[in-house]
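Single-letter residue listing:
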Amino acid sequence: MGLSPAELRDPLPKIDLKDLGPSELEAFITSFGKEHYRAIQILRWLYLRGVSSVEGMTNLSKRFRQELSRVSLISVLKPLHIEQATDGTRKFLFELTDGNRIESVLIPEKSRITLCLSTQVGCALGCRFCLTGKTGFKRDLTVSEIVNQILAARENLPHGTSITNIVLMGMGEPLANYTNTMKAIGLMISPDAFKFSSRRVTLSTAGLLPGLERMAREGAGFRLAVSLNASDDETRSRLMPVNRLYPLREILRVCRNFPLRPRTRITFEYVLVENVNDSPQSARNLLKILRGIPSKINLIPLNEAPGIPFRRPSQERVREFQEILMEGGLTAIVRTSKGAEISAACGQLRGKSPVLLPS
Ligand code: SF4
């Protein structure tokens, strides 16, 4: 995997150290004839201490720092704008070097602070209840653009708090940007980089079958969430065009055999849409199709938005749906969408926040 030592040492163009996963960074550093532990020191400088220049890595010799500076750089992502909702949710808007914009959302809850990351600029999947899907796909994010979202959010946390959970659930389909997403997750769970427990990192997919199968083969240690949203193919294809390519039974087959860690379950997300997928019959169907899969359901009443041709069901309808699932033995939680007033809730990210430079 990755670049050869000769390619890695080519001085042009400079390599962004944050574009290298843990094993690539090690290959890069050892290509200078340096010891393996130097790579660990650099990972710690980059992700635990958050340095923004090689010069700042003071436990490396001056000569090595000069050599490194000649061939590499360290990118930094600064928020263009931060918006805060009354419930404490904060939305970060970032402008990338090519002018594209992405968003991340920080969601404080009672006992945790979750950061929702983007993995692409826009999204090609076009789920019909999602504003990101309406903007279309521009490009994949690099590894550095993914992990820099964490560093930027961390810098803007209230004093004495820290990010406890990461969800890859923002703009884009993470499995459509498989390689960069996996390298970024490698950095998130590396004990020498971000040090997140793999139990606190969740990848959410709309069900891109090839990526899901690859993840299952490679034995992902982190958590998996699948955006399901329907219990039959006709309804799912209506909401998520990708279902025509990768139908429900194929996704559920992979989920059924997914190598889960002990005591973990797959989270199935289900956006409840009035008169589309919210009937008692849909709930009973859901119980049937998830039988045999260690599952937890997150019910997300639709976040209505201009341009989205659906409505949110009533609270009674949501409760009735939840009760059927719970009576059938499933854990079903209604997710109160946070950050809706600043368009930071599920399916509302577009990279189009107003541009206001923070003071
Ligand atoms: S819900 Fe996710 S996969 Fe679907 S269009 Fe939106 S960002 Fe893409």
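Residues numbered from 1 in each chain as written. Predicted model: local features only at pLDDT ≥ 70, side-chain atom pairs only at ≥ 80, totals over all residues. Heavy atoms only, no water.

With that out of the way, let us pick up the overall build of the protein chain. Across its full length, the protein chain holds 12 helices and 14 strands. Its C-alpha radius of gyration of 21 Å places the protein chain within 12% of the 21 Å reference for a compact globule of 359 residues. Principal-axis analysis of the C-alpha atoms gives the protein chain an extent of 70 × 45 × 35 Å. Within the protein chain, the fraction of its 359 residues that count as buried is 55%. Contacts in the protein chain between residues at least 24 apart in sequence constitute 66% of all its contacts with a sequence separation of at least 6. Charge separation in the protein chain, taken as the distance between the mean sites of 50 positive and 35 negative side-chain charges, equals 4 Å. (Helix = DSSP H or I, 4+ residues; strand = E, 2+ residues; numbered from the N terminus. Rg over C-alpha atoms; globule rule 2.2 N^0.38 Å. Buried < 20%, exposed > 50% of the residue type's maximum accessible area, 1.4 Å probe, protein only. Contact = heavy atoms within 4.5 Å. Lys, Arg positive; Asp, Glu negative; His and termini not counted. Charge placed at Lys NZ, Arg CZ, Asp CG, Glu CD.)

Moving on: the site of the ligand. Neighbouring the ligand are C123, L125, G126, C127, C130, T132, G133, G172 and A206. Taken together, the residues that form the shell around the ligand break down as five nonpolar, four polar and no charged. (Near = heavy atom within 4 Å. Nonpolar A, V, L, I, M, F, W, Y, C, P; charged D, E, K, R; others polar.)

Applying the stated rule across the entire model yields six aromatic pairs. With centroids separated by 4.9 Å and ring planes inclined at 45°, the aromatic side chains of Y47 and F194 adopt a geometry described as tilted. Of this pair, Y47 sits in helix α3 (residues 36–48) while F194 is found in the loop between α7 (178–189) and β10 (201–205), placing the two residues 147 residues apart along the sequence. Judged by relative accessible area, F194 falls into the buried class, the value being 8%. The ring of F64 carries K34 above its face, with NZ or CZ at 4.8 Å from the centroid. Here the basic side chain of R49 rests over the ring of W45, its NZ or CZ set 4.2 Å away from the ring centre. (Phe/Tyr/Trp six-rings, centres within 6.5 Å; stacked < 30°, edge-to-face > 60°. Lys NZ or Arg CZ within 6 Å of the ring centre and 35° of its normal.)

All right, on to the sheet that holds strand β4 (residues 90–95) then. The sheet built from 10 strands is open, its strands ordered β3-β4-β5-β6-β9-β10-β11-β12-β13-β14 with mixed pairing. Lying at the two open borders of the sheet, with one neighbouring strand each, are β3 (79–84) and β14 (331–334). Each adjacent strand pair in this sheet contributes to an overall mean axis angle of 20°, direction not counted. The strands touched by helix α6 (residues 143–155) are β3, β4, β5 (101–108), β6 (113–117) and β9 (165–168); relative to β6, the strand with the most contacts, the crossing angle is about 150°. (Pairing = 2+ DSSP bridges. Axes fitted to C-alpha atoms, helices over the stretch in contact; angles between N-to-C directions.)

When pLDDT is averaged across the protein chain, the result is 91; 91% of the residues are at 70 or more. Low pLDDT, under 50, characterises residues 353–359; the stretch is placed with 17 contacts to residues that sit more than four places away or in other chains. (pLDDT = per-residue confidence, 0-100.)

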